[in-house]
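Report on the structure
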Amino acid sequence: MSTDLFAAPISTGAPDALFPRRDGHPVRPVGNTGPVSRPIETNKFYTNLVIGSQTQSAWTLPYVLWVDRNPSSWGLSVSHTNGNQFALGPDGVATARYWISPLGIKSICFGATEFNSSSSITTAQHKEYSVDLSLHANIGSNGTSTKKIVSHLVLGMGFVTARYYDLRPVIHSGVMFRGLERATSPRAGVDKWRVTLQDSNVWLIYICPEGRPTLNLTLENNTRIVGNYSFTGFIQVTKLPTGSAEGTIDQTAGAFPTTTRLTASASADGRSASYQFNHSRYGTNNAGALLMYALPHHMASFEASTTARHVLSTIKLQTPTKGLATAVVADQWRLVEHELPTQYATWLPNNGGGFTDSAIRSVIERHCRNEIQADFVAGTNIDSMYFSGKALAKYAQLVLVACDVLKDESLTRNSLEKLKAAMDRFAANRQKYRLVYETTWKGIVSDALFQTGDQMMDFGNGNYNDHHFHYGYHIYTAAVIGHVELVLNRTLDWAARNRNWVNTLIRDVANPSEQDPYFPVSRSFDWWHGHSWAKGIFESADGKDQESTSEDYNYAYSQHLWALVNSDRAMSLRALLMLSIMKRSFNTYFLLSSSNTVQPSKFIANKVTGILFENKVDYATYFGMNEEFIHGIHMLPLTPISPYIRREGYVREEWMAKFNGKTSGIDSGWKGILYANLALCEPRESWRFFAQDGFQSRWLDDGATRTWYLTMAAGLMAAKAAGTRYRARL
């Protein structure tokens, strides 16, 4: 394995002056005590705690936490729900269109007698997988160093831990307490209590004083437990999954994670990679390692030695939208992806093979010569980074076909010049709503936010929504330009001159290193969840969400292609590792084959989640309820990486369940998307659809061409006929 893929930043320099600076973002971080010079993560699990009312939840999984501001029970609330508590609906249907985990069930709440309506919260250390949350009794009277609770919120933490600084503890419950009993201490310095709630769930409480030796708890009434003195130390709670798990949990009490750091490395040949979550531990316990919880896709990729030594497969807790989490006792998780998609992450399907048949080439050439006559500059003059990006990418695909399929140098050179002219508007930042460097959260956003004041302009780009979707298309286009330049001239021209512009977009979405002071690390892709979150700095009762898996992996695919053009091995391997993890997570949580046992069985027949939130799943889109919308947004754009993620068996299941014999009523670009996706299992049928004389141009959406869909179908037909390894991986 090679050096850490996250060790070196793409750059540490300030974004070019090309991107004007914009201060005063309308959404301000609330209660941030970290350095204002550092970037703040915008698309992570704790955003609700740093914006707006600070009352919405954070999903650490398997627990959900929020700050209860009721003066009589002010504190850090903890909830965990079982699958039988989920609401699936609507009523009276065989297949549910949504499920949701109930919010606001306050199982346990860390409070203090000193907390009241004057209390407040602050946050610090805004990392990829953790944040430090502080609850202050009264900053005006006590300052920020005492009379507070500090909780390190870390993804997958097995205990919720509250570090008390000179406060008299109160533990509340909205579910109500049935009983409280002192239990046998697991080790010196750790006191144990067992509390039973009225819902019959048992929670374990561990108290670790840092001073006076014992804190006595008294059940004052059925909603309130009170400590007997002003306490300094930490209190931990965890839900007991089963009675048999108690002894194991005892062994891990007394320690908790404060943060998590990601490292990764790849094999010398670039065909496999491993990544590690390194959890920083505070405190000591009998196990000598941390109790954490892993999601199903983690379980499927743990290194064998990790599984054998550290996974406790009988201890599980439900999560809202990611199945059952499994206990792991380890300070480091090591996960392995054995087969990176090097054969799929190429410019053309089937590694460029399958285009020698003269009849096939003739059809592709006829449509390419027609569509490539379009006005690329006018066709991309759109006041949206998303829609302009889609238009640029479809024109780039035409140039790519002219170069790599037709191998027509004259056609390629002429169309490349048109493509570069279209991209120049964006690379010079002359589009209607230019990109600016926003200095509050620190990132590249559309100036539409500042010019109009509308936070939802361009799908919320100014509030950091969808950056991986938007910028992925632009990065792809830049990569194609570079590739074609190398084919024609064996050197980079436009791509070299505009490298910093493209890399700045990549830094905004997928900065690999904290050494870069201008962007947060991995804004969009969540390496722990295994996919990106599209929602930025908006308060959300159900947390982050994503409705397009395909535009998520399109970003990673585009980053890889740009890295190939620029011979950036680390950037390429990060993208390939992202793709490999995405394949695993998408086929576990989003793309629902009949064999899926992770998501609720009553939902599987939908075949796709629709919008997956942290707290719920909704078989819908933000722009309509038509099934072609719900499924199609998880298909586009179709590229050579699509069959790697969207497996043949799944695609066939989805088609037969949802669209076979049901497309006649679809008379829009979504029809083309569905038939393009059909090429992943039945490429000949897809070819026939796009090659037919009766084809209608309205069946192409604004990011697609008939040429490209025919090229994809032809490449996949050839792979299927030859039984190549490309085909074998479908």
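The notes below deal with the structure included here.

Rules of the game
Residues numbered from 1 in each chain as written. Predicted model: local features only at pLDDT ≥ 70, side-chain atom pairs only at ≥ 80, totals over all residues. Heavy atoms only, no water. Helix = DSSP H or I, 4+ residues; strand = E, 2+ residues; numbered from the N terminus. Buried < 20%, exposed > 50% of the residue type's maximum accessible area, 1.4 Å probe, protein only. Lys, Arg positive; Asp, Glu negative; His and termini not counted. Salt bridge = Lys/Arg side-chain N within 4 Å of Asp/Glu carboxyl O. Polar contact = N/O pair within 3.5 Å; in protein donor to acceptor, adjacent residues only side chain to side chain. Contact = heavy atoms within 4.5 Å. Pairing = 2+ DSSP bridges. Axes fitted to C-alpha atoms, helices over the stretch in contact; angles between N-to-C directions. Disulfide = S-S within 2.5 Å. Parallel < 35°, antiparallel > 145°, perpendicular 65-115°, else oblique. Left-handed = near helix turned anticlockwise from the far one by under 90°. 1 Å grid on protein atoms, 1.4 Å probe; cavity = no way out; pocket = protein on both sides within 12 Å on 5 of 7 lines; lining within 4 Å. Points joined across faces, edges and corners; volume = space filled by probe spheres on them. Nonpolar A, V, L, I, M, F, W, Y, C, P; charged D, E, K, R; others polar. Core = buried A, V, L, I, M, F, W, Y, C linked by side-chain atoms within 4.5 Å. Expected span 1.5 Å × (residues − 1).

Describing the side chain of Arg574
In this structure, Arg574 sits in helix H14 (residues 569-590). Asp568 is the oppositely charged side chain nearest to the buried, salt-bridge-free Arg574, at an N-O distance of 5.4 Å. In terms of polar contacts, Arg574 uses its side chain to reach the backbone carbonyl oxygen of Leu5, at 2.9 Å. Those residues in contact with Arg574, other than ones at most four positions away along the chain, are Leu5, Phe6, Ile10, Pro512, Trp527 and Gln559.

Here we look at the pattern of salt bridges
Scanning the entire structure with this criterion turns up 36 salt bridges. The salt bridge partner of Lys192 is Glu246, with a shortest N-O separation of 2.6 Å. Here Glu246 lies in helix H2 (residues 246-252) and Lys192 lies in strand S14 (residues 190-197), a separation of 54 residues in the sequence. For Lys192, a relative accessible area of 3% translates into the label buried. For Glu246, a relative accessible area of 13% gives the class buried. Several salt bridges converge on common partners, so that one network encompasses Glu181, Lys192, Arg194, Glu246 and Asp250.

Quick look at the sheet that holds strand S20 (residues 273-283)
What links the strands of a sheet is backbone hydrogen bonding, and the strands pair in either a parallel or an antiparallel sense. Taken in spatial order, the 3 strands make up an open sheet running S19-S20-S24, and their pairing is antiparallel. Pairing within the sheet leaves two strands with one partner each, and these edge strands are strand S19 (255-266) and strand S24 (332-337). Looking at each pair of strands side by side, their axes are set apart by 15 degrees on average, direction ignored. Where S20 meets S24, 6 bridges bridge the pair, whose relative direction is antiparallel. Counterpart to Ser274 in the pairing with S24 is Val336. Packing against the sheet, H14 makes contact with S19, S20 and S24, and its axis sits at approximately 90 degrees to S24.

Observations regarding the state of the cysteines
The full count for this structure, using the stated rule, is 0 disulfides. Here Cys208 is not cross-linked by a disulfide; its sulfur's nearest cysteine counterpart is in Cys109, at 19 Å. Cys403 takes part in no disulfide bond, and the closest cysteine sulfur, belonging to Cys368, lies 11 Å away. What makes Cys403 buried here is its relative accessible area of 7%.

Re the packing of helix H19 (residues 683-691) against helix H20 (residues 706-722)
Between H19 and H20, the least distance of the axes is 8 Å, while the angle of their chain directions is 155 degrees. In terms of axis orientation, H19 runs roughly antiparallel to H20. Helix-helix and strand crossings are classified by hand; for H19 and H20 the assignment is left-handed. Seen from H19, the contacting residues are Pro683, Arg684, Ser686, Trp687, Phe690 and Ala691; seen from H20, they are Arg706, Tyr709, Leu710, Ala713, Ala714, Leu716, Met717 and Lys720.

Let's talk about empty space enclosed by the protein
This model, assessed by the stated rule, comprises 8 cavities of 30 Å³ or more. Within this model, the largest cavity holds a volume of roughly 80 Å³. At the level of secondary structure, the elements contributing two or more residues to the lining of the largest cavity comprise helix H7 (385-405) and H20. In terms of residue class, the lining of the largest cavity is built from 7 nonpolar, 2 polar and 2 charged. Lining the second largest cavity are 14 residues, with Val64, Ser79, Thr81, Ser101 and Pro102 sitting closest to its centre. For the lining of the second largest cavity, the residue count by class is 6 nonpolar, 8 polar and no charged.

Structural notes on the side chain of Lys394
Structurally, Lys394 can be placed in helix H7. One buried charged residue, Lys394, forms no salt bridge at all, with the nearest opposite charge on Asp702 at 6.9 Å. Apart from residues no more than four positions distant in its own chain, Lys394 is found in contact with Asp702, Gly703, Ala704 and Thr705.

Quick look at the nonpolar core
Core analysis: the largest hydrophobic core is formed by 218 residues, its most contacted members being Phe110, Trp333, Ile364 and Trp527. Excluding its chain neighbours within four sequence positions, the residues that come into contact with Trp527 are Phe6, Tyr129, Leu262, Tyr275, Phe277, Ser522, Arg574, Leu577, Met578 and Ile581. If you look at the next biggest cluster of nonpolar residues, it comprises 11 residues, including Val50, Ile51, Val436 and Tyr464.

Looking at the sheet that holds strand S22 (residues 311-318)
With respect to topology, 3 strands assemble into an open sheet ordered S21-S23-S22, the strand pairing being antiparallel. In this open sheet, the two strands that pair with only one neighbour each are strand S21 (291-294) and S22. Averaged over all neighbouring strand pairs, the angle between strand axes comes to 40 degrees, with direction disregarded. Where S21 lies against strand S23 (residues 324-329), 4 bridges are found, and the strand directions are antiparallel.

Focus on H20
The terminal C-alpha atoms of H20 lie 24 Å apart, and with 17 residues this matches the ideal 24 Å at 1.5 Å per residue to within 8%. Counting buried residues in H20 gives 14 out of 17 residues, a clear majority hidden from the surface.

Quick look at the pairing of S23
One face of the sheet, then the other: side chains in a regular strand alternate in exactly this way. The buried fraction of S23 is high, at 5 of 6 residues. Note: S22 against S23, 5 bridges, orientation antiparallel. Bridged to Leu312 within S23 is Ala327. Hairpin connection between S22 and S23: a loop of 5 residues separates the two successive antiparallel strands, and Gly323 in this loop has a positive phi of roughly 75 degrees.

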